[in-house]
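In case you want the letters, here they are:
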Amino acid sequence: MQDEKLQKVLARSGLGSRREMERYISEGRVAVNGETAQLGDRVKEGDQVSVDGRSVSLVYSSDSPCRVLIYNKPVGEVCTRHDPEGRPTVFDNLPPLKVGRWIVIGRLDINTTGLLIFTTDGELANRMMHPSANIDREYAVRVLGDVNEQMLEHLKKGVLLEDGMANFSDVRYFDGEGANKWYHCVVMEGRNREVRRLWESQGLQVNRLKRVRFGPVFLPSDVKVGTWRELGGKEINVLRDELGLDRVQSQVRSREEQVEEKRRYSRQRARQSTESKVVEQRSHKAKARSVGRRVGKKR
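Just so we're clear, the structure is a prediction, and the values are computed from it rather than from any experiment.

K.L.:
Quick question: what am I supposed to make of the pattern of salt bridges here?
P.N.:
Side chains that differ in sign of charge can pair as their charged atoms come close. This model, assessed by the stated rule, comprises 25 salt bridges. R29 is the salt-bridge partner of E27, the closest N and O atoms lying 3.4 Å from each other. Salt bridges linked by common partners bring E162, D163, E189, R191 and R197 together as one network.

K.L.:
Help me understand the environment of G16, please; the structure alone is not making it clear to me.
P.N.:
Here G16 lies in the loop between α1 (6-12) and α2 (18-26). Once the C-alpha coordinates of G16 and A125 are considered, the two residues, 109 residues apart in sequence, prove to be 8.8 Å apart. Those residues within four positions of G16 in sequence are excluded, and the remaining contacts are A11, M21 and N126.

K.L.:
I keep staring at the nonpolar core and nothing clicks. Help me out?
P.N.:
General note: in soluble globular proteins, nonpolar side chains tend to be found buried as a group. Formed by 32 residues in total, the largest nonpolar core has its most connected members in F118, F168 and W199. At the level of elements, β7 (68-73), β9 (113-119), β10 (137-144), α4 (149-157), β11 (159-161), β14 (180-187), α5 (194-200) and β15 (205-214) are the ones that each hand at least two residues to this core. Once residues lying within four places of it in the same chain are set aside, the contact partners of W199 are V141, V143, V147, L152, L155, F168, V171, Y183, C185, L204 and V206. Listed in part, the 19 residues of the second largest apolar core include I70, L124, A125 and I236.

K.L.:
What am I meant to see in the pairing of β14 here?
P.N.:
On a regular strand, each side chain points to the face opposite its neighbour's, so the side chains alternate between the two faces of the sheet. Of the pairings in the sheet, the one linking β10 to β14 comprises eight bridges and is antiparallel in character. Bridge assignment links Y139 to a residue of β14, and that residue is C185. Sheet topology note: the strand β13 (residues 170-175)/β14 ladder contains five bridges and is antiparallel. Each bridged residue has a counterpart across the sheet, and for D170 the counterpart in β14 is V186.

K.L.:
What exactly am I supposed to notice about the packing of helix α3 (residues 122-129) against helix α6 (residues 233-243) here?
P.N.:
Closest axis-to-axis distance for the α3/α6 pair is 11 Å, and the angle between their directions is 50°. Of the possible angle classes, the one that applies to α3 and α6 is oblique. As α3 packs across α6, the resulting crossing turns out to be left-handed. Residue-level inspection shows L124, R127 and M128 of α3 in contact with α6, the latter providing L239, R240 and L243. Taken together, the residues of the contact of α3 with α6 break down into four nonpolar, no polar and two charged.

Definitions and cut-offs
Residues numbered from 1 in each chain as written. Predicted model: local features only at pLDDT ≥ 70, side-chain atom pairs only at ≥ 80, totals over all residues. Heavy atoms only, no water. Salt bridge = Lys/Arg side-chain N within 4 Å of Asp/Glu carboxyl O. Helix = DSSP H or I, 4+ residues; strand = E, 2+ residues; numbered from the N terminus. Contact = heavy atoms within 4.5 Å. Core = buried A, V, L, I, M, F, W, Y, C linked by side-chain atoms within 4.5 Å. Buried < 20%, exposed > 50% of the residue type's maximum accessible area, 1.4 Å probe, protein only. Pairing = 2+ DSSP bridges. Axes fitted to C-alpha atoms, helices over the stretch in contact; angles between N-to-C directions. Parallel < 35°, antiparallel > 145°, perpendicular 65-115°, else oblique. Left-handed = near helix turned anticlockwise from the far one by under 90°. Nonpolar A, V, L, I, M, F, W, Y, C, P; charged D, E, K, R; others polar.

Without other data, these values stay purely geometric and don't point to any function.
Okay, here's the thing in C-alpha cells:
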C-alpha cells in the first residue's frame, strides 16, 4: 500500500481540516508508532497514530473513496445518528457503507426541510463547514405578515440576537400574495435557528423553511422530499475544485452496483410516498375530531 501524508489522512478521517491537522502536528499533539510526529511525515496501513494521547482510527484513500450524497430532508427527521426520543433521523435510509461512515454537512432543525449533503470524506466536510471558508447557505422561506423595505434593510444591515449580531447577506422577494409570501435569503453562518430568529426579530412568523443551496451545491428538482442522489465522479471533482481540494479518481461502478442503486432509489420514493400518505391521513383525522368541539365551554 502506498503511504500518504499524515495531515491528509487525519483530515479524511474526520478530525479536522488539513490546515488544523498541520497545526496539531506542529504543536506536538500527534504521535506515530509512539514517536512525536513531524510535518512531512507519511503513514501507511498498520501504523499506530494517536492525537492528544488517544488512539485514532484512520481512513486511507484506498479504503474509503470520496462519496457525496444530496438528500432532500423532510419535516420530522433529526440530524443525529441516534435520537434518544426515538424520532426518525436523516441517517436512517442512507445507503450502507462497507468502510467509513456518512458525515452530514450542515445540520437542519426538525421543522426545516431541504438540502443536506453527506460525504465519506472528513476533509471535504470540514472544508465546507469551517467558518473561514465563507460558504453561504440559501433558504426559501414563507413568511406570515407584512414585510416592508425597512425590515429588509434591517435584516441585511444586521440585527442583535441573543447570541450576537446576525444578518442576511442577501434577501429578496420570490413569490406569493396575501398574508403569506415567499422570500429567498442567504446567511454566511450556520447558527441554531438563525434564519427563523432573524425574521422573528421583525415581528414576523416563519411557517415554511427550506434550504435550497449550500455553497456551490444546489438542491436538484429531481431529488424529491425524503430521497437522495449520489454525485458522480465529475460532479465530486467540480465540488472539490470549488473548495480548493485535490481531485480524486472516479470510482467505476459495476453493473450490479448501478442496478442496486436504481432499486434503492425506487424503494426510497415508494417509502416516502407511503409516509406522506400516513401523515396526510393523520392530519385529516385530527381536523375531523376538532370540528364542533368546544373545550370548557358552558351551555
